[in-house]
Amino acid sequence: GTRAGARRERTRDSPGADFVRSSPAAMASVGEDVQITCRFVTRLPEKFRIAPTPLAVPGKLTRYGLSEVVNHLLALDPPKPFDFLVDGELVRTSLQKLLLRKAISAEKTLDVEYIPAVGPPSEESVGKHEDWVSAVDGGFAGAIATGCYDGTVKLWSNAGSRLLTVAVPNATNNAVTSVALLPGDGDKITLVAGAHDGVARSWDANVSSRKASAKPSRVFVGHTAAIAEIAAAPGGAHFASASADGTARVWRREGGAEFDFAADAETGRADETSAKRRKKTASHVPGAAPVRSCLDFDDARDDGDGDGPLAPRGAELVLGDHRGGVNCVGWESPDAVWSGGDDKTLKRWDAESGACTQSFDAPKAVASLAVRADGARVLWCGGGDKGVHAWDPRAGQTTGGITTFASHQEMVVCVRWCPGNEHRFASCSYDGTTKLWDTRGKLPLHTVTAGNAGEGDRLFAVDFHGPGRFACGGVDGALRVYKLDDEVRTEA
């Protein structure tokens, strides 16, 4: 058995020490009887640590057998699941096959790192919409925001209760395409929605566990085609928008113009048109060098005069170097934002100057992107591709800088990083599934299926709600919230 196969190894200095020394070729010849000397290491708290004494374990062990060994050595009751890393790669075969593939000799002691295994996600709640769910934002601890093709934005509790519904003007013909939550003080947030009419609108909201209230705040006019995505900057002072008009833009939370959302659709559009007309005389032409960043308005002029070195208050930063529609935006830090588009490029922008500081030529149009907080990895998908691609910007335009994760059966449409975890991310697809991944392995950790995925219930959006939950939505109109089982990390 596994426990019998795990015996403590004597040290090199011990009389008659019997260390296993095998080359890869020798391992292949002896088959399942090979013993591999391992040292189990971890970064978990002290109570989950094993003495670093080398152990000999059967080469046939997979992660499940290794987890039994660790649970036995730690005397855990009840047992807890672990995953294992060798040379930074998740163990997904037997140890022997892994060493053969990586050409690692068993003559040296193998360091095997154990980490918490993520149990299968459990469906925690389901919230129903009247139409397709177009967008999900779980970035605020107190609620999850969704955008819907019926022109509404909704806030939901973790338990699946609808806390709030607000509608954009002319909602029946103006689908909400993206949502973003900008955190404020305590339970206060700003809810921003982008719509098919190219206008971003915001509401100031107060959220509790059982109810929420909101009042109309600002309207952000500038795009000349539908908004594809809105993303909140870290800290919530700004947000970025991507549009089919070929530009991405950066806006101040308090920018734009005041807007009376209570007005009827005709009056509302007239007010927005007036705002756009005023802005035409002040903002820079898309693609041209920006007059001024939107990030610093402490000394901006208030007289509305567009002449001089400062743009008028409320002008946005235009990022206009794409040669086609811009489909997605994502923030690396408060100072750097990324965009991706139909021109098959990923671009990094200085959010102060508007300068493009890095560009990557993707093989296909970019539909969705997600940037790790340290900027060391950019996830992207698109072009009808069934894979998720991770690019290391530090590697530049080299083939070695790209890793592809393939498991979906249809086009992948959305990718998101897990907050606080540099390795975990989620993807959703037209195949009706959401997959949870770890960048250290090529296969998904888990897959969940939405509704009747086999009957065309495509997914459009996914996002994490803290490190322990994720939510997704699509054609069936359901917002599904899943809880991750990660007991060891929780206790740590």
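Up top is the structure these notes are about.
Reading guide: rules and limits
- Residues numbered from 1 in each chain as written.
- Predicted model: local features only at pLDDT ≥ 70, side-chain atom pairs only at ≥ 80, totals over all residues.
- Heavy atoms only, no water.
- Helix = DSSP H or I, 4+ residues; strand = E, 2+ residues; numbered from the N terminus.
- Buried < 20%, exposed > 50% of the residue type's maximum accessible area, 1.4 Å probe, protein only.
- Contact = heavy atoms within 4.5 Å.
- Areas by Shrake-Rupley, 256 points an atom, 1.4 Å probe, with all protein chains shown as cover.
- Core = buried A, V, L, I, M, F, W, Y, C linked by side-chain atoms within 4.5 Å.
- Pairing = 2+ DSSP bridges.
- Axes fitted to C-alpha atoms, helices over the stretch in contact; angles between N-to-C directions.
- Polar contact = N/O pair within 3.5 Å; in protein donor to acceptor, adjacent residues only side chain to side chain.
- Phe/Tyr/Trp six-rings, centres within 6.5 Å; stacked < 30°, edge-to-face > 60°.

Mind showing me how you'd approach the overall build of the chain here?
From N to C terminus, the chain includes six helices and 35 strands. Looking at the 492 residues of the chain, the share that counts as buried comes to 54%. A fraction of 53% describes how many contacts in the chain between residues 6 or more apart in sequence connect residues 24 or more apart. Total accessible area on the chain stands at roughly 21,100 Å², and carbon and sulfur atoms take up 47% of it.

I'm lost on the nonpolar core in this one. Help?
One recurring pattern in soluble globular proteins: nonpolar side chains tend to sit buried together. One finds F40, F84 and L110 to be the most contacted residues of the largest nonpolar core, which totals 26 residues. Mapped by element, the contributors of at least two residues to this core are β2 (35–41), β3 (55–58), α3 (63–74), β4 (82–86), α4 (95–102) and β6 (110–116). Sorting elements by how many residues they give to this core places α3 first, with four residues.

I would appreciate a short explanation of the pairing of strand β24 (residues 356–361) in the present structure.
Put simply, side chains in a regular strand alternate between the two faces of the sheet. As defined by bridge partners, strand β23 (residues 345–350) adjoins β24 across five bridges and the pair is classed as antiparallel. Counted as the bridge partner of T345 is D361 from β24. Here β23 folds back onto β24, and the loop between the two strands holds five residues, one of which, G354, carries a positive phi near 85°.

Got a minute to help me understand unusual backbone geometry in this structure?
What is expected of a backbone is that most residues other than glycine have negative phi and most peptide bonds are trans. Residue D77 is joined to P78 through a cis peptide bond whose omega torsion reads 0°. Locating P78 in the fold gives a position in the loop between α3 and β4. At D87, a residue that is not glycine, the phi angle is positive and equals roughly 55°. Position of D87 relative to the elements: it lies in the loop between β4 and β5 (89–90). Assessed through its relative accessible area of 61%, D87 is described here as exposed.

Whenever I open this one, the environment of E352 confuses me. Can you help?
One can find E352 in the loop between β23 and β24. Judged by relative accessible area, E352 falls into the partly exposed class, the value being 42%. Separated by 35 residues in sequence, E352 and L317 have C-alpha atoms that sit 8.4 Å apart.

Whenever I open this one, the environment of P216 confuses me. Can you help?
Turning to its location among the elements, P216 is positioned in strand β15 (residues 212–220). With 15 residues separating them in the primary sequence, P216 and R201 have C-alpha atoms 8.2 Å apart.

Explanation requested: the sheet that holds strand β7 (residues 119–128) in the structure shown.
Within a beta sheet, neighbouring strands are joined by backbone hydrogen bonds and run either parallel or antiparallel to one another. An order of β7-β35-β34-β33 is seen for the four strands of this open sheet, with the pairing classed as antiparallel. Edge positions in the sheet fall to β7 and β33 (459–464), since each has one partner strand and no second. Taken pair by pair, the neighbouring strands of this sheet meet at an average axis angle of 20°, ignoring direction. Relative to strand β35 (residues 478–485), β7 runs antiparallel, the two being bridged by seven bridges. Within the sheet, the bridge partner assigned to G119 lies in β35 and is D485.

Can you walk me through the sheet that holds strand β8 (residues 133–140) in this structure?
Pairing within the open sheet is antiparallel, and its four strands lie in the order β8-β9-β10-β11. Each of the sheet's edge strands pairs with one partner strand only, and the pair in question is β8 and β11 (162–167). Geometrically, the sheet is characterised by an average inter-axis angle of 20° between neighbouring strands, direction not taken into account. Pairing between strand β9 (residues 143–148) and strand β10 (residues 152–156): four bridges, direction antiparallel. Each residue of the ladder has a partner; that of A145, found in β10, is L155.

Even after reading the chapter, I still don't get the side chain of E229, so can you show me in this structure?
By secondary structure assignment, the location of E229 is in strand β16 (residues 227–232). A distance of 2.7 Å separates the side chain of E229 from the side chain of R416, its partner in a polar contact. When neighbours within four sequence positions are excluded, E229 is seen to be in contact with S178, A240, S241, A242, N327, C328, V329 and R416.

In this structure, what is going on with the packing of aromatic side chains? I would like to understand it.
Aromatic rings considered in pairs are described by the distance between their centres and by the relative angle of their planes. Overall, the coordinates contain 17 aromatic pairs when judged by the stated rule. The interplanar angle of 70° and the centroid separation of 6.0 Å between the aromatic rings of Y430 and F460 together place this pair among those described as edge-to-face. You can see Y430 sitting in the loop between β30 (424–429) and β31 (433–438) and its partner F460 sitting in strand β33, a full 30 residues away along the chain. Using a relative accessible area of 24% as the deciding quantity, one classes Y430 as partly exposed. F460 gets classed as buried once you look at its relative accessible area, which sits at 16%. A network of ring pairs unites the aromatic residues W132, Y149, Y430 and F460 as a single cluster.

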